[in-house]
Amino acid sequence: MKRLYIFFEILIFFLICAFIIVPPFFTPRITDISQVFTWTFPWVQAGFAAFCVVLYFFTRKIFCSSKKFFYPSMLCLAIMICTALILNFISSKTGGSTALPTKTYLPQTALEGLFCFLTFLFGAIYEEIIYRYYFTDALKRLLEYTKMPDGRVMFFITEGLGLLVFAFAHLYMGPLSVVNAAIAHVVLRILYKKTGLIWNSVLIHFVFNIISLILL
């Protein structure tokens, strides 16, 4: 029975890698986020979000920490905003691109505003559950089955791969976006691990996206 359970854990992990984590690596390079998002109902993001919520509720007893003490969420948001501002400044001086939303990309109608809200909400849900909650801890759990040494080696392998996977999933938006995503991952991963609540990271991720759209 235990072997069957391990088999399903491995199968689910590799299916998630194949259908959610790997595809962004093959996305063609873009220069403007409007090439990715249009303000229509986000069916793909909604499907991913629904799947990830189910994944979360079926696995939270395995991965979720019981620690739920205060951690400065607003500080995490401030770090992410400052990082985006600095990278936008570097982009303007070097001719690079972070492919972040711009004011010219604001929704023009109330319906577009609703679809924009849902796009960012669903995106924040599935990215946080997959990248901050699931991937790193599931990888650690699977590696433990192989009797790999625990401690620092395991920490650097799993956390390092989690960082690289999320960062380079944004390569299609340019190298500065990879840096931006890497820093955001570290901040949001710390927030999750310190609180044991993935919904804190979801909220900060969502708010950051909205602020990026309106102000950056």
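Use the structure listed above.
Residues numbered from 1 in each chain as written. Predicted model: local features only at pLDDT ≥ 70, side-chain atom pairs only at ≥ 80, totals over all residues. Heavy atoms only, no water.

Enquirer: Before we move on, could you go through the packing of aromatic side chains and cite the residues and values that matter?
Expert: Counted by the stated rule, this structure contains 18 aromatic pairs. Pairing F13 with Y134 gives two aromatic rings, centres 6.2 Å apart and planes at 40°, and the pair type is tilted. One end of the pair, F13, is in helix 1 (residues 2–21); the other, Y134, is in helix 4 (residues 110–145), and 121 residues separate them in sequence. Judged by its relative accessible area of 5%, F13 is buried. Aromatic pair F41 and F122: ring centres 6.5 Å apart, planes at 65°, arrangement edge-to-face. A residue pair is termed long-range when its members are at least 10 positions apart, and F41 in the loop between helix 1 and helix 2 (43–63) and F122 in helix 4 qualify at 81 residues. A cation over an aromatic ring shows up here: R132 above the ring of F166, its NZ or CZ 4.0 Å from the ring centre. (Phe/Tyr/Trp six-rings, centres within 6.5 Å; stacked < 30°, edge-to-face > 60°. Helix = DSSP H or I, 4+ residues; strand = E, 2+ residues; numbered from the N terminus. Buried < 20%, exposed > 50% of the residue type's maximum accessible area, 1.4 Å probe, protein only. Lys NZ or Arg CZ within 6 Å of the ring centre and 35° of its normal.)

Enquirer: So what's going on with the nonpolar core? Residues and values would help.
Expert: Of all hydrophobic cores here, the largest spans 41 residues; its most connected members are F13, I21, I130, Y133 and Y134. A total of 17 residues in this core trace back to one element, the largest contributor, which is helix 4. Those residues in contact with Y133 that lie beyond four places of it in its chain are Y56, T59, R60, F63, C64, E128, R189, Y192 and I198. Core analysis: the next-biggest nonpolar cluster, separate from the first, contains 11 residues, I81, A184, V187 and L191 among them. (Core = buried A, V, L, I, M, F, W, Y, C linked by side-chain atoms within 4.5 Å. Contact = heavy atoms within 4.5 Å.)

Enquirer: Please provide a residue-by-residue account of the pattern of salt bridges, values included.
Expert: Applying the stated criterion to the full structure yields six salt bridges. Measuring nitrogen to oxygen at the nearest pair gives 2.6 Å for the salt bridge that ties R141 to E9. Within this pair, whereas R141 is found in helix 4, its partner E9 is found in helix 1, the two being separated by 132 residues in sequence. According to the relative accessible area criterion, E9 is buried, its value standing at 14%. (Salt bridge = Lys/Arg side-chain N within 4 Å of Asp/Glu carboxyl O.)

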